[in-house]
Amino acid sequence: MKRAVIFSAAVLAAFVGALMISGGKQPEVQLISMKELAYTETVSVSGVVESPNQRELKLDYPVVPKKVLVKEGDAVSFGDPIALVDKKATVRAAAGFAAQFAEELPDSAADKVKEAFSAISGELSQNMDALPETISAPMTGVVTSLSLTAGELFLPTGPAAAVSTVDTLQLRLYVPESQVNLLKTGETFTFTVPAVQDGLFEAHITRFSPSAYQKLDGMSYETVVDAVARVEDTFNALRPGYTVQAELPAGEEETLWLLPYEAVAQDEDGQEYVYVCREGEISRRDVETGRELSTSVQIVSGLGRYEKVVLDAEALENSAGGDEAWSF
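Residues numbered from 1 in each chain as written. Predicted model: local features only at pLDDT ≥ 70, side-chain atom pairs only at ≥ 80, totals over all residues. Heavy atoms only, no water.

Caption draft 1: Region of interest: the sheet that holds strand β8 (residues 81-85). Taken in spatial order, the three strands of this open sheet run β6-β8-β9, and their pairing is antiparallel. Strand pairing shows two members of the sheet lacking a second neighbour, β6 (65-68) and β9 (134-136), which therefore form its edges. Pairs of neighbouring strands in the sheet enclose a mean axial angle of 25 degrees, with direction left out of account. (Pairing = 2+ DSSP bridges. Helix = DSSP H or I, 4+ residues; strand = E, 2+ residues; numbered from the N terminus. Axes fitted to C-alpha atoms, helices over the stretch in contact; angles between N-to-C directions.)

Laid out in structure tokens, this is it:
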């Protein structure tokens with residue numbers, strides 16, 4: 001059993017029955033009873049906020065925006081212009097990129113790259129009118145990512161933008177494979193996001209991914225299974241992409257009867273015990289402990305739920321000379 005070094009005043013107040021016994025030269029002691037706690041084992045996981053309805057804007061051609069008309073977080077409707085395209089600048093930038101990129105490659109590859117980009121540049125130049133004058137929103141929602149910058153060449157290696165609905169959000173949680181079987185759908189839990197200070201949100205698990213995969217965690221890979229959870233209320237404070245820390249319930253709720261660590265002592269043989277006060281007499285009682293929480297320990301057996309015990313067993317032993325019983 002571990003011993004807590006510090007026991008906060010707030011927790012003490014919850015435990016202490018405010019019963020004081022003193023008399024003559026006898027040591028003064030403070031008595032408490034066990035505290036009842038509804039407890040559920042949890043699994044700590046990380047994850048990310050995402051939109052269940054999102055559409056990425058993918059282009060089949062490079063572009064240089066003349067002007068970007070939106071920023072991340074802006075609301076748009078389907079077909080609204082997101083950016084204006086500078087057609088001539090696009091052709092020049094594509095040809096310049098081809099030449100610069102080719103110079104960094106081995107000669108054997110450079111010629112092929114130059115030839116390919118020359119063809120693209122020539123095609124763009126000949127079909128400049130085929131380039132759109134505007135880039136439009138793919139759906140109604142909020143711009144949640146944007147890769148377009150005015151005056152800079154955008155290459156279609158990824159989405160130019162993403163538009164999502166943010167009235168309903170979900171979480172994607174990364175559950176270690178060893179703990180997936182402890183969880184089940186439908187369970188409600190709380191989570192926090194670093195971006196919202198002191199914010200506490202609720203969600204419930206809707207489904208688990210049918211397969212596991214390797215996810216980079218620091219310097220090593222961990223096998224995880226994705227759990228998807230629906231957020232109950234965003235309070236207009238959450239955004240897709242926010243990171244999440246969550247405590248997922250694992251198992252059924254149980255009732256624990258707890259004592260602070262100061263009330264439980266341990267002898268040389270490893271036997272844990274408390275000092276019980278009964279009819280004015282304090283004596284040792286052996287107990288069995290269970291779950292260990294941050295400031296208290298579960299008493300599994302050896303003590304009645306409402307019996308009074310000495311709050312600080314060690315202080316009693318030191319002040320009373322280690323006797324096994326004291327009368328008051």
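Back to the text.
Caption draft 2: Local environment of the layout of surface pockets. Estimated volume of the largest pocket: approximately 270 Å³. If you trace the largest pocket, you find 13 residues lining it, with V142, V166, L238, R239 and P240 closest to the centre. Across the lining of the largest pocket, the residue classes tally to seven nonpolar, four polar and two charged. (1 Å grid on protein atoms, 1.4 Å probe; cavity = no way out; pocket = protein on both sides within 12 Å on 5 of 7 lines; lining within 4 Å. Points joined across faces, edges and corners; volume = space filled by probe spheres on them. Nonpolar A, V, L, I, M, F, W, Y, C, P; charged D, E, K, R; others polar.)

Caption draft 3: A look at the environment of Q298. With respect to the helices and strands, the residue Q298 is situated in strand β22 (residues 296-301). Given a relative accessible area of 13%, Q298 falls into the buried group. With 10 residues separating them along the chain, Q298 and E288 place their C-alpha atoms 8.6 Å apart. Each residue touching Q298, except ones within four places of it in the same chain, is listed here: L256, W257, L258, E288, T289, G290 and R291. (Buried < 20%, exposed > 50% of the residue type's maximum accessible area, 1.4 Å probe, protein only. Contact = heavy atoms within 4.5 Å.)

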